[in-house]
Protein chains: 2
Amino acid sequence: MDIYNIEAAEILANEAQLLPIGEAAPIYEKLLATFPTAAKYWKQYVEAYMAAKDDEATKQIFSRCLLSCLQINLWRCYINFIRRVNDKRGSEGLEETKKAFDFMLNYVGNDVASGPVWMDYIAFLKSMPVVTPQEESHRMTTVRKVYQKAILVPTNHVEQLWKDYENFENSVSRTLAKGLLSEYQPKFNSAKAVYRERKKYIDDIDWNMLAVPPTGSYKEEQQCMAWKRLLAFEKGNPQRIDATTANRRVTFTYEQCLMYLYHHPDIWYVYGMWHAKNGSMDSAIKIFQRAVKALPDSEVLKYAFAELEESRGAIQPAKTIYESLIAENASMTSLAHIQFIRFLRRTEGIEAARKYFLDARKLPSCTYHVYVAYATMAFCLDKDAKVAQSVFEAGLKRFMHEPGYILEYADFLCRLNDDRNVRALFERALSLLPPEESIEVWKRFAQFEQTYGDLSSMLKVEQRRKEALSRTSEDALSALENTLYDVVSRYSYMDLWPCSTKELDYLSRHEWLAKNMANKGDKSIVLTSATLATVGVGSNTKLLPQSAKVVRPEISRMVIYDPRQMKGPDFSTTSSGYTKEVEEILKMFSPQMTSFITNLPAIEGMTRT
Amino acid sequence: MDIYNIEAAEILANEAQLLPIGEAAPIYEKLLATFPTAAKYWKQYVEAYMAAKDDEATKQIFSRCLLSCLQINLWRCYINFIRRVNDKRGSEGLEETKKAFDFMLNYVGNDVASGPVWMDYIAFLKSMPVVTPQEESHRMTTVRKVYQKAILVPTNHVEQLWKDYENFENSVSRTLAKGLLSEYQPKFNSAKAVYRERKKYIDDIDWNMLAVPPTGSYKEEQQCMAWKRLLAFEKGNPQRIDATTANRRVTFTYEQCLMYLYHHPDIWYVYGMWHAKNGSMDSAIKIFQRAVKALPDSEVLKYAFAELEESRGAIQPAKTIYESLIAENASMTSLAHIQFIRFLRRTEGIEAARKYFLDARKLPSCTYHVYVAYATMAFCLDKDAKVAQSVFEAGLKRFMHEPGYILEYADFLCRLNDDRNVRALFERALSLLPPEESIEVWKRFAQFEQTYGDLSSMLKVEQRRKEALSRTSEDALSALENTLYDVVSRYSYMDLWPCSTKELDYLSRHEWLAKNMANKGDKSIVLTSATLATVGVGSNTKLLPQSAKVVRPEISRMVIYDPRQMKGPDFSTTSSGYTKEVEEILKMFSPQMTSFITNLPAIEGMTRT
């Protein structure tokens, strides 16, 4: 059901080509509804009507595609059509054709492949019949102007056009020619040099690509990058031409780019912002209007659009966009509510924001985020801790079961330095939350006690956490054991760790291994001698897949500052640790063997039987 | 210079074996200084003295190694030595030998390989000469007791021992035998079943391994896990024997484990904590004393030790450990200062903590963490915002150049909701910090404005950030461009994103690609036509290696909640976006072609020339 299936589209287009236009037309319409910027299909479509000599239909098609498909081949079709229909219309027809050439070159005259069109136009102008010397002079002036424009465009034909222009000026007046040619020579040179450079960027682009929503494919990324390089190149105005012409080229390149990357929101965005930066705010707004029409599902484009409107002071249009964001995403409006409340507060004041919040919170789609955001605004912007706290309390009635909300409320109470209520909140939440949803709350409770508690409250919470979480996790009993890794987390502070990088690597790795071994370990603990033989416990430790619910060592935090790493190990004391006891043994050794045997100190916990 | 080179050690040990003991002794000493728990080297060493009939030296060696090497082969050497030296000493010698057997079995009688020793002991007892019936009766009682102990130990010889015991009882008294054997039968059965299970764990262990500091190798991890599984098995008391015997086995297993994992701090820790949990606090303390001697570089073991002392109320010993932590790590004392200040506050009160802080902050090794920690204590525990702020201000004089300190101070001021001073702090810091060190500060400044600022202050800070950071980063000019990805970060809230997962993936990927493309893009921007031809710009986009200093999209935060993902795309409006304009064109189309040409609306920014 992927309507953007490129192979299917190509097959369809090939089929259409074999059918009479009456049957092919609905196929083309279907194709072009999906690929409105596919110049090649438009061309095929319009050529079918042209072959059928249906001028009215041809015009209709051209009117629908030309401005959205700035592609030379399509436009050459158009000019051929215009020339044909005006062929028999005498001077009026010639005038129409001339206007069509002007129109065409205005839109695609900067294309790297526009050289032949410029040449055709000049040939057409030269072929226009003249009667009076005034007419001839006028034609000459027109031809000169077109040459002078043509040789500024970096195309493959710029050298040929320059030669033609030299001949033209020399044929008009040898004396005038010298001045004019020496004036235009550097401009031509510049265009020629820029063409060589431009061609490299152009060659990277696949001009046959169909516009589909981003797939993330390598080819697509290469194309995006190729377009961005070309755009950067054009924006840099390498030819150092006047700003207007340079900007027209950038606009032309963006429009061409959107034929291929029509579904890429970032292109629309940078295009719009480029206009805004260049001071053409109206153009920017129009681009954004096209963008949100082209990609109606892209929320972020709407936020970008609203932001642009707001930042140019167009509050009402911005508000309209926010309202559409809220209306269109019934299932996911919390973020839109939050951003709209912020917007209202900025543009209409506290009261408007408050009213909106009071309504929005009643909606079933309103999540706890809206309460958090509103309370934060009350606290940070209005400095009203009382309102903030009452919003949090009101939310608690509804979101007691949301660990995320508990954590936000706890953070807020910590900001107020109200540790009594933080503890009460944690206890209240943990008495209600099922263990599998309380992992993060326990973690924060333990962190909280590390800051606000003493040693015993810290250890107590950690022990309670282990007990609570072991009930659901696979690692049951062994999870209850206090590990050295727990000590590391208790005695770390900010980016300071009570161990070396190596030790931390080792401990976290083994914490993880032990968690994954636990299953097996537990079983053996509850084994009785009767069932022992039936349990397969071997060396093939099965590593369980990582589960999101299980507390893991936080590898992400494990960057350590440890200046001691450069220090070599100190081996002077790496003896067995028995030294003192052994000295005592030796004292008692002679003369009797008995004393050696009976007076050896017991290893801790190993009392004689 | 790795003294824990295992191959070198093996070569050395083999060489020593070929040398006379006088020359070999220093080699053994060197080896055993590095590997004090290597039973195999001790055995080789002591055997060399035994071969040389140097009883005094033999005794010395045994006294140094037996208790730290609970290995059957080494102890069998010992018992053979004892038997030999007591061979000619008559009844006194026999008594000595008997005591040595008791001593040995007390230490290693629970070993899985202790079966033959039990059998030897029984044979020895049986061979003891008796004269009187009382003596014979006494011997019989002794033999019975040993049998009854031996058949409780899960060894390979437990079945043989059971058969021997049956014969023994039957030979003593058929009538008594029945009762005794039926009492011991289930105990023997249990030992037999547990042996089968125990053997599986034992077989996973490499009994030849030398104890080296953790290397992280796969084999080492397998061994650690094998030991931990064996320990968990023993702790589970699968044989359901009395607690004392079960605990002796666990102690024995830990001691054996430490012969091989001597340098693994977590083993020492769980061993000590196991004692503490079992109520033998004195044993726990002794284990920790051995541990910090064995691994003097392990800070975390010292924290664990101090924690144990503190939590049992032994404040003075805990303080001594903290003081040693501070004294021993001259280059890395900040964390120790912080933990000691916390400890003092808990145990001696605010004034003691304050005094210590005032001294510690004067030390050159004191980093900003100590200020942050002390200020946080003042704020969170003493609720004294004034002291906290003055500590932060005092620290600022010294740590103005530390981005980490700036961020902590800014966090603190945010807790106070003092946005005026937060802004002042950011501005002050950013005017001093070089751009390459201000990345995080800029990021937080931008986040701060998202909460405390309005749209224009938000955009202004982001623009300033881009300008400041572009000066040093490779991506210069293009980094200045506002991207859609920036919009995403501005309009996100908590875990809500203004776009779908797919869109976010796309945008972050392209943000990254663009950053890496920038180098090339920039160059073309400053190109003049003269230099154009010389710059190689092709399709081989070189991806720069990721630099830690460059701001990257935060992939880690990119988990998105998006209920809309299930919704199919809406294609109803995916047309070209020109619809309205084209409708106007069509209205003007007939009857004159001219109107079609001249009244076509210009594409934004493309004015006619």
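Rules used throughout
- Residues numbered from 1 in each chain as written.
- Chains lettered and ligands numbered in written order.
- Predicted model: local features only at pLDDT ≥ 70, side-chain atom pairs only at ≥ 80, totals over all residues.
- Heavy atoms only, no water.
- Helix = DSSP H or I, 4+ residues; strand = E, 2+ residues; numbered from the N terminus.
- Buried < 20%, exposed > 50% of the residue type's maximum accessible area, 1.4 Å probe, protein only.
- Contact = heavy atoms within 4.5 Å.
- Salt bridge = Lys/Arg side-chain N within 4 Å of Asp/Glu carboxyl O.
- Phe/Tyr/Trp six-rings, centres within 6.5 Å; stacked < 30°, edge-to-face > 60°.
- Core = buried A, V, L, I, M, F, W, Y, C linked by side-chain atoms within 4.5 Å.
- Disulfide = S-S within 2.5 Å.
- Expected span 1.5 Å × (residues − 1).
- Polar contact = N/O pair within 3.5 Å; in protein donor to acceptor, adjacent residues only side chain to side chain.
- UniProt positions renumbered as here; feature names shortened; annotations may be inferred.
- Axes fitted to C-alpha atoms, helices over the stretch in contact; angles between N-to-C directions.
- Parallel < 35°, antiparallel > 145°, perpendicular 65-115°, else oblique.
- Left-handed = near helix turned anticlockwise from the far one by under 90°.
- Nonpolar A, V, L, I, M, F, W, Y, C, P; charged D, E, K, R; others polar.

**Student:** When you look at the overall build of chain A in this model, what are you seeing that I'm missing?
**Tutor:** Along its length, chain A carries 29 helices and zero strands. Burial status across chain A gives 54% buried among its 609 residues. Contacts in chain A between residues at least 24 apart in sequence constitute 56% of all its contacts with a sequence separation of at least 6.

**Student:** What exactly am I supposed to notice about the pattern of salt bridges here?
**Tutor:** Close approach of charged atoms allows side chains with opposite charge to pair. Applying the stated criterion across every chain, the model contains 62 salt bridges over all chains. We note a salt bridge from E10 of chain B to K40 of chain B, for which the minimum N-O separation is 2.8 Å. Within this pair, whereas E10 of chain B is found in helix α1 (residues 6-18), its partner K40 of chain B is found in helix α3 (residues 39-51), the two being separated by 30 residues in sequence. Here K40 of chain B falls in the partly exposed class, since its relative accessible area comes to 23%. The partner of K319 of chain B in a salt bridge is E348 of chain B, with the nearest N and O atoms 2.8 Å apart. Remark: E348 of chain B occurs in the loop between α17 (334-347) and α18 (350-360) and K319 of chain B occurs in helix α16 (residues 315-328); sequence separation between them is 29 residues. In this structure, a network of salt bridges that share partners links the residues E307 of chain A together with E462 and R490 of chain B.

**Student:** Looking at this model, I keep getting lost on the environment of R361 of chain A. Mind explaining?
**Tutor:** Residues and elements named next belong to chain A. Relative to the assigned elements, R361 resides in the loop between α18 (350-360) and α19 (368-380). Given a relative accessible area of 27%, R361 falls into the partly exposed group. Residues R361 and I122 lie 239 residues apart in sequence; the distance between their C-alpha atoms is 69 Å. In this structure, R361 is in contact with C366, Y371 and R398, ignoring residues within four places of it in sequence.

**Student:** Sorry, what's going on with the packing of aromatic side chains here?
**Tutor:** Two aromatic rings, taken as a pair, are described by how far apart their centres are and by the angle between their planes. Using the criterion set out here, one finds 97 aromatic pairs over all chains in the structure. With centroids separated by 4.5 Å and ring planes inclined at 15°, the aromatic side chains of Y254 of chain A and Y271 of chain A adopt a geometry described as stacked. Placement of Y254 of chain A in helix α12 (residues 243-260) and of Y271 of chain A in helix α13 (residues 265-277) is noted, with a sequence separation of 17 residues between them. Y271 of chain A shares its class with Y254 of chain A; the two are buried. Here the aromatic rings of F35 of chain B and Y41 of chain B are separated by 6.5 Å at their centres, their planes lie at 65°, and the arrangement is edge-to-face. Both residues of the pair, F35 of chain B and Y41 of chain B, count as buried. By the ring-pair criterion, three or more aromatic residues cluster together here, those being F357, Y368, Y371, Y374, F379, F392, F399, Y405, Y409 and F412 of chain A.

**Student:** Before we go on, may I ask you to explain the nonpolar core in this structure?
**Tutor:** The nonpolar side chains of soluble globular proteins are, as a tendency, buried together. Formed by 380 residues in total, the largest nonpolar core has its most connected members in F62 and W75 of chain A together with F62 and W75 of chain B. For W75 of chain B, the contacting residues outside a window of four places in its chain are L66, L67, C69, L70, F103, M104, Y107 and V108 of chain B.

**Student:** Is there a simple way to explain the environment of A9 of chain A in this structure?
**Tutor:** Residue and element names in this part refer to chain A. In this fold, A9 is placed in helix α1 (residues 6-18). Under the relative-accessibility criterion, A9 is labelled buried at 4%. Spatially, the C-alpha atoms of A9 and Y41 are 9.7 Å apart, while their sequence positions differ by 32 residues. In contact with A9, other than residues within four places in its own chain, are L31, F35, Y41 and L210.

**Student:** Any chance you could explain the state of the cysteines here in plain terms?
**Tutor:** As used in these notes, a disulfide is a covalent bond between sulfur atoms, one from each of two cysteines. Tallied over the entire structure, the rule returns zero disulfides over all chains. Sulfur of C499 of chain A: no disulfide; nearest cysteine sulfur belongs to C224 of chain B and is 16 Å away. With relative accessibility at 1%, the residue C499 of chain A sits in the buried group.

**Student:** Just to check I follow, could you spell out helix α11 (residues 218-235) of chain B for this structure?
**Tutor:** Every α-helical turn comprises 3.6 residues, leaving residues that sit three or four positions apart pointing alike. All names here are of chain B. For α11, spanning 18 residues, the distance from its first C-alpha to its last is 25 Å, which sits close to the expected 26 Å at 1.5 Å a residue. For α11, the tally of buried residues reaches 14 of 18 residues, placing the bulk of the element in the interior. Two residues or fewer past α11, N237 is found with a positive phi of approximately 45°.

**Student:** Help me understand the side chain of E503 of chain B, please; the structure alone is not making it clear to me.
**Tutor:** Inspection of the secondary structure puts E503 of chain B in helix α26 (residues 501-525). With residues up to four places along the chain from it excluded, the contact list for E503 of chain B reads P265, S298 and V300 of chain A.

**Student:** Could you clarify how one ought to interpret the environment of S298 of chain A in this entry?
**Tutor:** Structurally, the position occupied by S298 of chain A is in the loop between α14 (281-294) and α15 (299-311). The exposure class assigned to S298 of chain A is buried, which follows from its relative accessible area of 5%. The sequence separation of S298 of chain A and H264 of chain A amounts to 34 residues, and the corresponding C-alpha distance is 9.9 Å. A distance of 2.7 Å separates the side chain of S298 of chain A from the side chain of E503 of chain B, its partner in a polar contact.

**Student:** Mind showing me how you'd approach the UniProt feature "repeat: TPR" (unreviewed entry) in chain A here?
**Tutor:** Mapped onto this numbering, the UniProt entry annotates "repeat: TPR" (unreviewed entry) at residues 265-298 of chain A. Helix makes up 79% of residues 265-298 of chain A and strand 0%. Its end C-alpha atoms lie 7 Å apart.

**Student:** What's the story with the packing of helix α21 (residues 403-415) of chain B against helix α23 (residues 439-452) of chain B in this structure? I'm lost.
**Tutor:** Residues and elements named next belong to chain B. Between α21 and α23, the least distance of the axes is 10 Å, while the angle of their chain directions is 15°. Overall, the two elements α21 and α23 adopt an arrangement that is roughly parallel. Viewed along their axes, α21 and α23 form a crossing whose handedness is left-handed. Across the interface between the two elements, P403, I406, L407, D411 and C414 of α21 pack against E440, V441, R444, F448 and Y452 of α23. Of the residues that constitute the contact of α21 with α23, the class distribution is seven nonpolar, no polar and three charged.

**Student:** It is not clear to me how unusual backbone geometry should be interpreted in this structure. Could you clarify?
**Tutor:** Peptide bonds are trans in most cases, and residues, glycine excluded, mostly fall at negative phi. Notably, K383 of chain A is not glycine yet its phi reads approximately 55°, a positive angle. Tracing the backbone shows K383 of chain A in the loop between α19 and α20 (385-399). Phi is positive for M494 of chain B, close to 50°, though the residue is something other than glycine.

**Student:** Explain the packing of α13 of chain A against helix α25 (residues 484-491) of chain B here, please?
**Tutor:** Packed helices, taken two at a time, are described by their axes: the angle between them and the distance between them. One way to put it is that α13 of chain A packs onto α25 of chain B with a least axis distance of 9 Å and a crossing angle of 95°. As far as their axial angle goes, α25 of chain B and α13 of chain A are roughly perpendicular. Along the contact surface, α13 of chain A presents P265, D266 and Y269 of chain A, while α25 of chain B presents L484, V487 and R490 of chain B. For the contact of α13 of chain A with α25 of chain B, a count of residues per class yields four nonpolar, no polar and two charged.

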